[in-house]
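Understanding the architecture of this molecule
So you can see what is in the structure, the chains are spelled out below.
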Amino acid sequence: MGVLNMQPTFATRMTGPVAVVTAATALPVTLSEAKDQAIVTIDDDDQALFRKIKAATGYCERMLGVQFMTATYDVPIRGWWGDLLRLPRQPLQSVVWLKYYDPAGTLTELDSSKYIVNTPQASPGYIERAPTASWPNTDDRHYPITCRFISGYASEALVPELVKEAVLMVVAHFYENREAVLTGTIAKEIDIGVEALLSAEFSGGYA
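Residues numbered from 1 in each chain as written. Predicted model: local features only at pLDDT ≥ 70, side-chain atom pairs only at ≥ 80, totals over all residues. Heavy atoms only, no water.

1. A short note on the overall build of the chain
Secondary structure summary: the chain contains five helices and eight strands in total. Going from the N terminus to the C terminus, the chain shows its helices and strands as β-α-α-β-β-β-β-β-β-β-α-α-α. For the chain, buried positions account for 41% of its 207 residues. With the model as given, the accessible surface of the chain reaches about 11200 Å², and the carbon-plus-sulfur share is 51%. (Helix = DSSP H or I, 4+ residues; strand = E, 2+ residues; numbered from the N terminus. Buried < 20%, exposed > 50% of the residue type's maximum accessible area, 1.4 Å probe, protein only. Areas by Shrake-Rupley, 256 points an atom, 1.4 Å probe, with all protein chains shown as cover.)

2. Here we look at the pattern of salt bridges
Scanning the model with the defined rule gives six salt bridges in all. Among the salt bridges present, the one from Lys35 reaches Asp43, with a minimum N-O distance of 2.7 Å. For Asp43, a relative accessible area of 55% corresponds to the exposed category. The partner of Glu156 in a salt bridge is Lys164, and the shortest N-O contact between them spans 2.0 Å. Lys164 sits in the buried class, given a relative accessible area of 5%. A single network of salt bridges, built from pairs that share partners, joins Glu33, Glu156 and Lys164. (Salt bridge = Lys/Arg side-chain N within 4 Å of Asp/Glu carboxyl O.)

3. Some thoughts on the nonpolar core
Judged by nonpolar contacts, the single largest core of 27 residues is most densely connected at Cys60, Phe68, Val167, Val171, Val194, Leu198 and Phe202. Counting residues per element, the ones that place at least two in this core are helix H1 (31-38), helix H2 (46-64), helix H3 (161-176) and helix H5 (188-201). Counting residues per element, this core draws most heavily on H3, at eight residues. Beyond its immediate sequence surroundings of up to four residues, Phe202 is in contact with Leu64, Val66, Phe68, Gln90, Pro91, Gln121, Ala122, Tyr153 and Val163. Membership of the second largest hydrophobic core comes to 20 residues, among which are Leu87, Val95, Leu110 and Ile145. (Core = buried A, V, L, I, M, F, W, Y, C linked by side-chain atoms within 4.5 Å. Contact = heavy atoms within 4.5 Å.)

4. Observations concerning the side chain of Lys52
Mapped onto the elements of the fold, Lys52 is located in helix H2. Buried within the structure, Lys52 lacks any salt-bridge partner; Asp45 is the closest side chain of opposite charge, at an N-O distance of 8.5 Å. In this structure, Lys52 is in contact with Val171, Phe174 and Tyr175, ignoring residues within four places of it in sequence. (Lys, Arg positive; Asp, Glu negative; His and termini not counted.)

5. Brief notes about the confidence of the model for the chain
On average, residues of the chain score 89 in pLDDT, and 88% of them reach the 70 mark or higher. Scored below 50 in pLDDT, residues 1-8 shows two contacts in the model against residues more than four places distant or in partner chains. (pLDDT = per-residue confidence, 0-100.)

6. Concerning the sheet that holds strand E8 (residues 145-151)
Neighbouring strands of a sheet are bound in pairs by backbone hydrogen bonds; such pairs are parallel or else antiparallel. With respect to topology, five strands assemble into an open sheet ordered E1-E2-E8-E4-E5, the strand pairing being antiparallel. Two strands lie at the open edges of the sheet, namely strand E1 (19-22) and strand E5 (107-109), each paired on one side alone. Taking each pair of neighbouring strands and ignoring which way they run, the sheet shows an average axis angle of 30°. (Pairing = 2+ DSSP bridges. Axes fitted to C-alpha atoms, helices over the stretch in contact; angles between N-to-C directions.)

Structure, rendered in structure tokens:
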């Protein structure tokens, strides 16, 4: 007798471009941590270092498509999925709502009892249909469904050490190599090291 494959099946190519609703206002590392990493003992460059922290955070987030600090996003969806739908910008905190256009073209919020939200920290969060629920009909537009969700760590204290180390590596590199930053380049060995740190913390992609 064969062994049943119980691995979940994720819907593929279901989502469109992600839109920022509320951008993050916090940063994953402190100015003091950045100064220690870059071996800066004076306060004259605090503003410059603060800008480097913001730039390094964005650089690291884009590398793996993740979100470090709390932010809210909308993502359009092509249609209802059969099993599980991964959401971008892990780690997922929560889903605010799912809205869809019904066959009459009316935008309607889906009852949250019809779906289950899963929020693993080291892999993309995902949504699945509740066991006894059925998806409602939608109209025929390209993206009839939108999901609003919140991603990122709720506070700087919750940011994993590997994430902090990756951001601090880039901060120090940007600070020490200002001309390279201006031309948009980064040392290959730094790039590889940062990707290795982030990949060790985050796994999987999303569809």
